[in-house]
Amino acid sequence: MQYKILLGVNVVALLLYLSFLAGIMYLDFSVFPNMEALRSPPPVVEDAISKTGDLEGLRAVASLLFSHINDQTDVINSIIGSTVFWARLHFIFALFVSILNVFLILKLRKR
């Protein structure tokens, strides 16, 4: 009886970690790369700001804002990349431990 409960708990943990890993992979490869807020502004925006005939101060402020947006996008992307990397590593490790645990339980049952 204890064997069946232990095996059931481990199978549930295995399925849970598989679903978490699949979710992280989906976010990393499908959702985050397609989010407009996480993309850098196109270079044509900076060209339009630089070539404007308006006041020189306006051009400088707009160029500064453009640089700030680029820096902000780089920081956000690096934070997301780091978070996804460590989450993926965690779930792969947990998945490995769960598979090993199920394997050992099945081996114990055969005795």
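First, a word on what this report is: a plain description of the structure on this page. Model, not experiment: these values are computed from the prediction.

**Considerations on the nonpolar core**
- Core analysis: the biggest nonpolar cluster contains seven residues, these being Leu14, Leu21, Ile24, Val84, Ala87, Phe91 and Leu95.
- Contributing elements (two or more residues each) for this core: α1 (2–31) and α3 (56–110).
- At four residues, α3 tops the list of elements feeding residues into this core.
- Non-local contacts of Leu95, meaning those with residues more than four positions away in its chain, are made with Leu14, Leu18 and Leu21.

**Describing the packing of aromatic side chains**
- Enumeration according to the criterion identifies four aromatic pairs in this entry.
- A centroid spacing of 6.0 Å and a plane angle of 55° characterise the contact between Tyr17 and Phe91, whose relative ring orientation is tilted. Of this pair, Tyr17 sits in helix α1 while Phe91 is found in helix α3, placing the two residues 74 residues apart along the sequence.
- A relative accessible area of 23% places Tyr17 in the partly exposed class.
- Plain terms: the ring middles of Phe85 and Trp86 are 4.9 Å apart, the flat faces sit at 75° to each other, and that makes the pair edge-to-face.
- Residue classification places Phe85 among the partly exposed positions, given a relative accessible area of 43%.
- The structure contains a cluster of three or more aromatic residues connected by ring pairs, namely Tyr17, Phe20 and Phe91.

Conventions used here
Residues numbered from 1 in each chain as written. Predicted model: local features only at pLDDT ≥ 70, side-chain atom pairs only at ≥ 80, totals over all residues. Heavy atoms only, no water. Core = buried A, V, L, I, M, F, W, Y, C linked by side-chain atoms within 4.5 Å. Buried < 20%, exposed > 50% of the residue type's maximum accessible area, 1.4 Å probe, protein only. Helix = DSSP H or I, 4+ residues; strand = E, 2+ residues; numbered from the N terminus. Contact = heavy atoms within 4.5 Å. Phe/Tyr/Trp six-rings, centres within 6.5 Å; stacked < 30°, edge-to-face > 60°.

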